[in-house]
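The primary structure of each chain is shown beneath.
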Amino acid sequence: MPRSGTLAAVMTEAATGERLAELIRERQPVVVLTGAGVSTESGIPDFRSPTGIWTEFDPREYATLGAFRADPEKVWRFYAPRFAMLGEARPNRAHRALAELERMGLVRAVVTQNIDLLHERAGSRDVVEVHGSIRVSHCLACGAEYPLAEVERLLSAGDGAPRCERCGTVLKPGVVFFDELLPEAAIDRALALAREAALLLVVGSSLEVHPVAGLPQETLDAGGAVAVVNRDPTWVDPHAALVVRESAGDALAEAVARLRPDDESVEVVEHDPAWAEAAAAEAARVTEALEAVAVEHVGSTAVPGLAAKPVLDLLAGLPGDAHVRPEQIGAMEELGYECLGEFGLPGRIFFYKDTDGRRTHHVHAVEHGGDQWRRHLAVRDYLRAHPDEAARYAAVKGAAAARTAGREAYWEAKSAYVEELERRALSAPGRPPDPPS
Ligand SMILES: [Zn+2]
């Protein structure tokens, strides 16, 4: 491509990014409707494109209730590898941008056709899953419900389809099959959201599957506007206030960068010996609230001499697969915490607390003895044992914060260093042995 062409494309992207940001800022409330295109950057193939899943597998054979009742084992030969792939997929820039817009108060809810849980894992809180999800599978015979972790366990333990442990019937994945009705509560909520949206932002959906494809019409009929971010044309394009033909990740990251307040400088302060005592006291309260096996003080405030953001990071080790029950979330709320779910890191439940309007506490609840548990402690113990490294790390943090154009720049500046640090910590000789799990 000639240089001038590239430049023109860049300028057009900047212009559409600004226009998208403007629409989001000015047309509140914003409701987002996402389809497969939002997850392709996470390595999840879509269904309907020329390289999509349905070109290889006939959905009538693998994704209908009729097919499932006729031969559930066959349907699971299709779903088992998909569950494995989806379990490993990570949220991408598009998911993270939408979660950030929600935290900024600029997105009311995300209505999604996707079953992959990636919006939730990125930290979106109000997600309406109109096509179900892999979160639970059901036994159609006795009604038992199996959460994803259980189904993954059954899949890896047995050969073939996961069966109900109570009655032996093959489980049905919680995704909506082609000949099934959509979950009523979800589609009702989606319709209500579409009608109250001043802007419906369609991302990565070609709007071909009904009734979801009709949601933009609901918005338009109620006097709202529609914007589309999608690689391919959709039926609503001629009626849209803006159409962006870019990847969802590019377009949304660009819009968020323009909407993010630029006064979010990062404060890095000298180490305070009082942090250790404050963390120990809070750890006792968190241990009780979460019924944790152990709670450890981690993060930069846990390392003597290391400059830090004045936020206490606590690592809570939970038994089993780091599941948190509603009453435990309630107990954390009584301590002043808000729960953000996995918040971008599968297998971790994230809580935070503000004191006097400032972020002061993070709690990362993970499986006790699991991979995340070991990594956090390895880095902390490595830094404690190597004051020279802690001093270098403090310098990196200080420089990143001083240079700050905001949080993003800070994270970028320190992330490469932290990755290298983690590599060294995990391979360090004399590292404490892994705790028995
Ligand atoms: Zn059963």
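Residues numbered from 1 in each chain as written. Predicted model: local features only at pLDDT ≥ 70, side-chain atom pairs only at ≥ 80, totals over all residues.

(A) Layout of the overall build of the chain. A count of helical and extended segments in the chain gives 16 helices and 14 strands. Split into buried and exposed, the 437 residues of the chain put 37% on the buried side. For the chain, the share of sequence-separated contacts (at least 6 apart) that also reach a separation of at least 24 residues comes to 68%. (Helix = DSSP H or I, 4+ residues; strand = E, 2+ residues; numbered from the N terminus. Buried ≥ 20, exposed ≤ 12 C-beta atoms within 10 Å, placed from the backbone. Contact = placed C-beta atoms within 7 Å.)

(B) Region of interest: the pairing of strand E4 (residues 132-138). Alignment of E4 against strand E6 (residues 172-175), held across three bridges, turns out to be antiparallel. Bridge pairing in E6 places Ser-137 opposite Pro-173. Where E4 meets strand E5 (residues 145-147), three bridges bridge the pair, whose relative direction is antiparallel. If you follow Val-136 over to E5, its bridge partner there is Pro-147. With antiparallel pairing between neighbouring strands as the criterion, E4 and E5 make up a hairpin whose turn holds six residues, including Gly-143 at a positive phi of roughly 85°. (Pairing = 2+ DSSP bridges.)

(C) Examining the sheet that holds E5 more closely. With antiparallel pairing, the three strands of this open sheet are ordered in space as E5-E4-E6. Each edge of the open sheet is held by one strand with a lone partner, namely E5 and E6. The average undirected angle you get between the axes of adjacent strands in this sheet is 40°. Along the sheet, helix H8 (residues 148-157) contacts E4 and E5; its crossing angle with E5, the most-contacted strand, is approximately 85°. (Axes fitted to C-alpha atoms, helices over the stretch in contact; angles between N-to-C directions.)

(D) Looking closely at the confidence of the model for the chain. Here the chain averages 86 in pLDDT, and 89% of its residues register 70 or above. Across residues 1-11, confidence stays below pLDDT 50; counting only partners more than four residues off in sequence or on other chains, it has one contact. (pLDDT = per-residue confidence, 0-100.)

(E) The arrangement of the sheet that holds strand E8 (residues 225-229) in detail. If you trace the six strands from one edge of the open sheet to the other, you get E3-E2-E1-E7-E8-E9, paired in parallel fashion. In the strand order of this sheet, the two ends are held by strand E3 (127-129) and strand E9 (242-244), each with one partner. Going across the sheet, the axis of each strand differs from the next one's by a mean of 20°, ignoring polarity. Pairing of strand E2 (residues 109-112) with E3 involves three bridges; the strand directions are parallel. Bridging across to E3, Val-110 finds its partner in Val-127. Contacts from helix H9 (residues 184-196) reach strand E1 (30-34), E2, E3 and strand E7 (199-203), with the element oriented near 130° to E3.

(F) Representation of the nonpolar core in the model. In this structure, Val-32, Val-111 and Leu-200 are the most contacted members of the largest nonpolar core, which totals 49 residues. Here Val-111 is in contact with Val-31, Val-32, Leu-33, Val-128, Val-130, Ala-190, Leu-193 and Leu-215, once residues within four sequence places are set aside. Counting residues in each nonpolar core, the second largest holds 40 residues, with Leu-314, Tyr-337, Ala-378 and Val-379 among its members. (Core = buried A, V, L, I, M, F, W, Y, C linked by C-beta atoms within 7 Å.)

(G) Unusual backbone geometry, seen in detail. Cis geometry is found at the peptide bond from Gln-28 to Pro-29, where omega equals 0°. Within the element layout of this structure, Pro-29 appears in the loop between helix H1 (3-26) and E1. The omega angle of the peptide bond from His-210 to Pro-211 is 5°, so this bond is cis rather than trans. Tracing the backbone through its elements, the reader meets Pro-211 in the loop between E7 and helix H10 (215-221). Even without glycine at this site, Leu-117 takes up a positive phi of about 70°. Here Leu-117 is to be found in the loop between E2 and helix H7 (118-122).

(H) Fine view of helix H6 (residues 93-103). Burial runs high along H6: eight of the eleven residues are buried. Phi turns positive, to about 80°, at Gly-105, one or two residues after H6.

(I) Quick peek at the environment of Ala-425. Residue placement: Ala-425 occurs in helix H16 (residues 407-427). Ala-425 sits 42 residues away from Leu-383 along the chain, and the two C-alpha atoms are 8.1 Å apart.

(J) Just helix H11 (residues 248-259), in detail. Here H11 contains twelve residues, and its C-alpha end-to-end distance of 16 Å stays within 8% of the 16 Å for a straight helix at 1.5 Å per residue. Taken together, the buried positions of H11 are occupied by Ala-248, Gly-249, Ala-251, Leu-252, Glu-254, Ala-255 and Val-256. (Expected span 1.5 Å × (residues − 1).)

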